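Residues per chain, in single letters:
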Amino acid sequence: MSIEAPAAGPGADKPPVSRSGAEGRPLLEVKALYRYFGIKKRHLFGPAAKVQAVDGVSFSLAHGETLGLVGESGCGKSTTGRLVLNILTPSSGEIRFDGVDITGLAPEDWRALRLDMQMIFQDPLSALDPRMKIGDQIREPLDIHGIGDARERAGKVNEMLDAVGLPLGAVQRYPHELSGGQQQRVVIARALILRPRLIVCDEPVSALDVSIQAQVINLLKDLQARFKVAYLFISHDLSVVRHISDRIAVMYLGQLVETAARDELFDRPRHPYTKALIAAIPIPDPRVRRERVILHGDPPSAIDPPAGCRFHTRCPHAKPICGAETPVLKPAAEGHLVACHLVESGEL
Ligand code: SF4
């Protein structure tokens, strides 16, 4: 299947997004999202190759909700986050924010959306300018969008420093003077100062010490309760995702294979890949034993993914149909979708 990028500027005539929101309507809807990257031919006269990074992903996110997007490195979860924020352009598909189609919006229209949609990256140090003082970096989004006068901006910076648990004196310091956890708090403060309604958190605690990870996760939860912001929380670590998510979507090789409410997913995982991810989470109690699920081999290449179910080359339950037909997400229980032939037929 070859999917080409849409023509430039298809969103130029789209209506502006309101900041008020509407009850009952999802904040974010992603429908059949694809992103293929063209790469160099392997052979001079061979066919053009494409990396199928995101392959038909659909999900929604409610106001103030956290959706955890989890999967192995290279499965396309970070690409999905970048597509949502227009850092990358989709090959095809639709992204709606508060009911408005924002797919391929022109850059000038994205300026207003940046008030509502922000991102927190994995490595706080590379996300911060080493030559700028912390206070200036937190204030910068207000400067860019022309919000408030100098006094009001300074007040908002102090308010955000307090909200993320940093001393007011941090405004005069530089990133290298702070610990990794403090740097990530600065990044969070800068993302929140515009009061966005959605933050895409891309592995926000992966670069931090384990002891600091829990603090930052708890901080994100506290800030969500206070500012009513929704998170698309991307992580390879299911145990981290568990602590913060309301719902979880599991991704494998560019496709979603299972989505469910957090407790439903952990109590009743249905997809063999989800079961393997959960089985791999260490339990800090030697008396508790969990059934082990060993996955053999690495994920196949997204350049030439397997036909049928993309997981069939590693799945311990694979049957002939798995290599021949692609399973689609179907309800296995209320609010619980699974893409697996054997779950659909009741054999799993
Ligand atoms: Fe395994 Fe087949 Fe289900 Fe894929 S469809 S997860 S290969 S049982």
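Right above here is the structure, for reference.
Residues numbered from 1 in each chain as written. Predicted model: local features only at pLDDT ≥ 70, side-chain atom pairs only at ≥ 80, totals over all residues. Heavy atoms only, no water.

## Let's talk about the packing of aromatic side chains
The description of an aromatic ring pair rests on the distance of the ring centres and on the angle between the ring planes. For the structure shown, the criterion picks out four aromatic pairs. Here the aromatic cluster, defined as three or more aromatic residues joined through ring pairs, consists of Tyr252, Tyr273 and Phe311. The ring centre of phenylalanine 266 lies 4.0 Å from the NZ or CZ of arginine 242, which sits over that ring. (Phe/Tyr/Trp six-rings, centres within 6.5 Å; stacked < 30°, edge-to-face > 60°. Lys NZ or Arg CZ within 6 Å of the ring centre and 35° of its normal.)

## Some details on the packing of helix α4 (residues 134-145) against helix α5 (residues 150-163)
Packing of α4 against α5 brings their axes to within 9 Å, and their N-to-C directions diverge by 125°. Comparing their axes, α5 and α4 come out oblique. By crossing handedness, the relation of α4 to α5 is classed as right-handed. Across the interface between the two elements, Gly135, Ile138, Arg139, Leu142 and Asp143 of α4 pack against Arg153, Lys156, Val157, Met160 and Leu161 of α5. (Axes fitted to C-alpha atoms, helices over the stretch in contact; angles between N-to-C directions. Helix = DSSP H or I, 4+ residues; strand = E, 2+ residues; numbered from the N terminus. Parallel < 35°, antiparallel > 145°, perpendicular 65-115°, else oblique. Left-handed = near helix turned anticlockwise from the far one by under 90°. Contact = heavy atoms within 4.5 Å.)

## Topic: the pattern of salt bridges
Under the criterion given, the structure shown has 19 salt bridges. The partner of glutamate 94 in a salt bridge is lysine 31, with the nearest N and O atoms 3.7 Å apart. Pair noted here: glutamate 94 is in strand β4 (residues 92-97) and lysine 31 is in strand β1 (residues 28-39), with a separation of 63 residues, a long-range link. Judged by its relative accessible area of 23%, glutamate 94 falls in the partly exposed class. Its relative accessible area of 38% is what places lysine 31 among the partly exposed residues. Note that arginine 139 and aspartate 143 form a salt bridge whose closest N and O atoms lie 3.1 Å from each other. Of this pair, arginine 139 and aspartate 143 both sit in helix α4, four residues apart, which is roughly one turn of that helix. Take arginine 139: its relative accessible area is 25%, and that puts it in the partly exposed class. We classify aspartate 143 as partly exposed; its relative accessible area is 29%. (Salt bridge = Lys/Arg side-chain N within 4 Å of Asp/Glu carboxyl O. Buried < 20%, exposed > 50% of the residue type's maximum accessible area, 1.4 Å probe, protein only.)

## A closer look at the site of the ligand
What surrounds the ligand is the set His271, Pro272, Cys309, Phe311, His312, Cys315, Ala318, Cys322, Cys340, His341 and Leu342. Classifying every residue of the shell around the ligand by side-chain character gives eight nonpolar, three polar and no charged. (Near = heavy atom within 4 Å. Nonpolar A, V, L, I, M, F, W, Y, C, P; charged D, E, K, R; others polar.)

## Notes on the sheet that holds strand β7 (residues 198-202)
One key point about sheets: their strands pair by backbone hydrogen bonds, in either a parallel or an antiparallel sense. Ordered by their spatial adjacency, eight strands build an open sheet running β6-β7-β8-β3-β9-β10-β12-β11, and the pairing between neighbours is mixed. Looking at which strands have only one partner, the edges of the open sheet turn out to be β6 (117-120) and β11 (330-333). The sheet shows a mean angle of 25° between the axes of neighbouring strands, direction not considered. The pairing of strand β10 (residues 255-261) with strand β12 (residues 336-338) spans two bridges and is antiparallel. Bridge assignment links glutamate 258 to a residue of β12, and that residue is valine 338. The strands that helix α6 (residues 180-192) touches are β6 and β7; relative to β6, the one it contacts most, it runs at about 175°. (Pairing = 2+ DSSP bridges.)

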